[in-house]
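Each chain, letter by letter, is given below.
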Amino acid sequence: MDWFEKLNDYFPTHEMKSKEHMETLLKEKSDVYYKDEGPEHVMMYAEFDTFLFIDYLYVAASSRGKGLGHQLINKLKNKDKPIILEVEPVDYSDTDTAKRLHFYQREGFKHATSIGYNRRSLATNEESPLEILYWSPSNQDEETIYQQMKHMYEDIHTYKDKELYGQAYQGVEEVLSYDQARKTKDIFKNLKEKQ
């Protein structure tokens, strides 16, 4: 299996970019968008001046629990910039969602409860609410994370969308919102209560 097939098998269709989109990013945004690949992992990420964004992180089932994910996250943490990523809300019929959250919690990530994120998939036409997690070496506030997330969305997620998909993704203001009074429970607290 090549790197894209591994990602495509693991991530839900509504979360996936096309292979052409990712290859275009790797080629045309090679100063920002990267692929870290090995026999047991694939990590796609963007590195900007002030933050990193993990687009996809896949570790083969045979290597989970052996420290590979930790090593990959540490490689990014060593760049000493905030790290942002998107996760699905916990789905108790899919044990992988809870395991992923436990992993990021162990790695010191926080849930950006004031950031709302709801994107329509061009592949399935379904709305998919996601939550934003972040790790910050300098305790950045969620408003800064929100601004960085907007930058990433416009620079990576929607890059050449009309050309690649025949239609545009929603605008950033429609997808992302920032509200300190947002009534969302911390995803990690929710995780503990359900155990």
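First, a word on what this report is: a plain description of the structure on this page. This is a predicted model, so every value here is computed, not measured. (Residues numbered from 1 in each chain as written. Predicted model: local features only at pLDDT ≥ 70, side-chain atom pairs only at ≥ 80, totals over all residues. Heavy atoms only, no water.)

Another point: the overall build of the chain. Broken down by element type, the chain carries eight helices and nine strands. Here the C-alpha coordinates of the chain stretch approximately 45 × 40 × 35 Å along the principal axes. For the chain, buried positions account for 52% of its 195 residues. Sequence-distant contacts, at least 24 apart, represent 65% of the contacts inside the chain between residues at least 6 apart. Just so you have it, the chain exposes about 9,700 Å², and 43% of that area is on carbon and sulfur atoms. For the chain, the distance from the average site of its 27 positive side-chain charges to the average site of its 36 negative ones is 4 Å. (Helix = DSSP H or I, 4+ residues; strand = E, 2+ residues; numbered from the N terminus. Buried < 20%, exposed > 50% of the residue type's maximum accessible area, 1.4 Å probe, protein only. Contact = heavy atoms within 4.5 Å. Areas by Shrake-Rupley, 256 points an atom, 1.4 Å probe, with all protein chains shown as cover. Lys, Arg positive; Asp, Glu negative; His and termini not counted. Charge placed at Lys NZ, Arg CZ, Asp CG, Glu CD.)

To continue, consider the pairing of strand 6 (residues 115-120). Burial analysis of strand 6 places five of its six residues in the buried class, which makes it a mostly covered element. As paired strands, strand 6 and strand 9 (residues 176-178) are joined by three bridges and run antiparallel to one another. Each bridged residue has a counterpart across the sheet, and for Tyr117 the counterpart in strand 9 is Leu176. By the bridge criterion, three bridges tie strand 6 to strand 7 (residues 127-129) in an arrangement that is antiparallel. Of the residues in strand 7, the one forming a bridge with Asn118 is Pro129. Hairpin geometry of strand 6 and strand 7 is characterised by an intervening segment of six residues between the two adjacent antiparallel strands and by a positive phi of about 65 degrees at Asn125. (Pairing = 2+ DSSP bridges.)

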